[in-house]
Amino acid sequence: MQNLYKKIKELTIHKVLRELTRIRDKYKCQLCDKKQGDKKHSVHHIDYDINNWDKENLITLCEHPCHHKTNTNRKYWKELFKFVMFFRKLN
Ligand SMILES: [Zn+2]
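Residues numbered from 1 in each chain as written. Predicted model: local features only at pLDDT ≥ 70, side-chain atom pairs only at ≥ 80, totals over all residues.

Participant: Tell me what's going on with the overall build of the chain, and back it up with residues and numbers.
Facilitator: The secondary structure content of the chain amounts to 3 helices and 2 strands. The principal-axis extents of the C-alpha atoms in the chain amount to approximately 40 × 30 × 30 Å. Counting only contacts in the chain whose residues sit at least 6 apart along the sequence, the fraction spanning at least 24 positions is 53%. (Helix = DSSP H or I, 4+ residues; strand = E, 2+ residues; numbered from the N terminus. Contact = placed C-beta atoms within 7 Å.)

Written out as C-alpha cells, the structure reads:
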C-alpha cells in the first residue's frame, strides 16, 4: 500500500511537471514550432534519463514527427537540445 501511494504521488507530480514544461514552452513544439492542438504535446527528457525531472532536462515536442525523430541519433539530439537550453538562458 505504501508503495502504491508513492507511485500515485509520483505520477501526479510528473503530470504537473509535464504541464509546467508545456506552459513554459508556450504549448509549442520546440523543434517545428507547431502549436498544441487536441492532442497534448510530449515532454522530452533531453538526456534520455526518464528519472531526471530537472526543468533544464525537459522540453516540449510534438509527438509526431519531432518526438519520434529523437528515438534515433540520440547523441545528436542530446547536444542540440542542450544548446537550445543554453541559449535560452542568455535571453
Ligand atoms: Zn514538432
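Having put the structure on the table, let's press on.
Participant: Break down the environment of Lys9 for me, with residues and values.
Facilitator: Structurally, Lys9 is set in helix 1 (residues 2–24). For Lys9 and Ile59, which are 50 residues apart along the polypeptide, the C-alpha to C-alpha distance reads 22 Å.

Participant: An account of the nonpolar core is needed here, citing residue identities and associated values.
Facilitator: Core analysis: the largest hydrophobic core is formed by 11 residues, namely Cys29, Leu31, Val43, Ile46, Leu58, Ile59, Leu61, Cys62, Cys66, Trp77 and Phe81. Every element with two or more residues in this core is listed here: strand 2 (58–61) and helix 3 (74–90). Here this core takes 3 residues from strand 2, the largest share from any one element. When sequence neighbours within four positions are dropped, the list of residues in contact with Ile59 reads Asp25, Gln30, His44, Ile46, Phe81 and Val84. (Core = buried A, V, L, I, M, F, W, Y, C linked by C-beta atoms within 7 Å. Buried ≥ 20, exposed ≤ 12 C-beta atoms within 10 Å, placed from the backbone.)

Participant: Residue-level account of the environment of Lys15, with values.
Facilitator: Take Lys15: it is sitting in helix 1. Placed 10 residues apart in sequence, Lys15 and Asp25 show a C-alpha to C-alpha distance of 16 Å.

Participant: So what about helix 1? Which residues, and what values?
Facilitator: Quick reminder: α-helices carry 3.6 residues per turn. Residues three or four places apart thus point the same way. For helix 1, with 23 residues, the first-to-last C-alpha span of 33 Å sits near the 33 Å given by 1.5 Å per residue. In terms of residue burial, helix 1 counts as a barely covered element, since only 1 of its 23 residues are buried. (Expected span 1.5 Å × (residues − 1).)

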